[in-house]
Amino acid sequence: MIAQLATQIAVECPECAGAVGLNDNVLKGEIVTCPDCGAELEVVGVNPVLLDLAPQEEEDWGE
Ligand SMILES: [Zn+2]
């Protein structure tokens, strides 16, 4: 049995319309990766949870 404080929810990926599993205590601005298409998605709303494509930026500039 899995005991978690957070409830798992499924949010539609804006890229591929697949289901992205998130905890319902996810924070706005959090970046998640779609398990289906690998797109980076930003949480743009939490009530309800909304996802949008994260800005495509190079990630190796910040070290
Ligand atoms: Zn996707």
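Rules used throughout
Every chain's residues receive numbers from 1 upward, in the order its sequence appears when written. For this predicted model, a pLDDT threshold of at least 70 governs which residues receive local features, and a threshold of 80 or more governs which side-chain atom pairs are given and counted, while totals over whole chains, interfaces and linings are taken from all residues. Numbering goes from the N terminus for both helices and strands, where a helix is a DSSP run of H or I of at least four residues and a strand is a run of E of at least two. Our exposure labels follow a C-beta count within 10 Å of each residue's own C-beta, placed from the backbone: buried means 20 or more other C-beta atoms, exposed means 12 or fewer, and partly exposed covers the counts in between. Residues are scored as being in contact if the C-beta atoms we place from backbone atoms lie within 7 Å. pLDDT expresses, on a scale from 0 to 100, how confident the predictor is about each individual residue. Here, strands pair whenever DSSP counts at least two bridges between them. Under this scheme, a helix contributes an axis fitted over its contacting stretch, all axes are lines through C-alpha atoms, and angles between N-to-C directions fall in the 0 to 180 degree range.

## Notes on the overall build of the chain
Line of reasoning, step 1. A count of helical and extended segments in the chain gives 0 helices and 5 strands.
Line of reasoning, step 2. Helices and strands appear in the chain in the N-to-C order β-β-β-β-β.
Line of reasoning, step 3. Looking at the chain as a whole, 11% of its 63 residues are labelled buried.
Line of reasoning, step 4. Considering only residue pairs separated by 6 or more positions, the chain has 19% of its internal contacts joining residues 24 or more positions apart.

## So, the confidence of the model for the chain
Line of reasoning, step 1. Across the chain, the average pLDDT comes to 88, with 84% of residues at 70 or higher.
Line of reasoning, step 2. Summarising per-element confidence for the chain, the mean pLDDT is lowest in strand β1 (residues 8–12) (94) and highest in strand β4 (residues 40–46) (96).

## What about the sheet that holds strand β5 (residues 49–53)?
Line of reasoning, step 1. Reading across the sheet, the 3 strands line up as β3-β4-β5 and stay open at both edges, with antiparallel pairing between neighbours. Lying at the two open borders of the sheet, with one neighbouring strand each, are β3 (31–33) and β5. Shown here is a sheet whose adjacent strand axes are inclined to one another by a mean of 45 degrees, direction ignored.
Line of reasoning, step 2. Here β3 runs beside β4; their pairing, made up of 3 bridges, is antiparallel. Bridge pairing in β4 places Ile31 opposite Glu42.

## Observations regarding the environment of Gly18
Line of reasoning, step 1. By the element assignment, Gly18 lies in the loop between β1 and β2 (19–23).
Line of reasoning, step 2. Taking the C-alpha atoms as reference, Gly18 lies 8.4 Å from Pro35; in sequence the two are 17 residues apart.
Line of reasoning, step 3. Residues contacting Gly18, with those up to four places away along its chain left out, are Cys13, Cys34, Asp36 and Cys37.

## So, the environment of Glu40
Line of reasoning, step 1. Inspection of the secondary structure assignment puts Glu40 in strand β4.
Line of reasoning, step 2. As for Glu40 and Glu15, which are separated by 25 residues in sequence, their C-alpha atoms are 9.4 Å apart.
Line of reasoning, step 3. Apart from residues lying up to four places away in sequence, Glu40 is in contact with Ile31, Thr33 and Ala54.

## Some thoughts on the environment of Gly29
Line of reasoning, step 1. You can see Gly29 is positioned in the loop between β2 and β3.
Line of reasoning, step 2. A count of 10 C-beta atoms within 10 Å places Gly29 in the exposed class.
Line of reasoning, step 3. Remark: the alpha-carbon pair of Gly29 and Leu41, spanning 12 residues in sequence, is separated by 9.4 Å.
Line of reasoning, step 4. Setting aside chain neighbours within four positions, we find Gly29 in contact with Glu42 and Val43.

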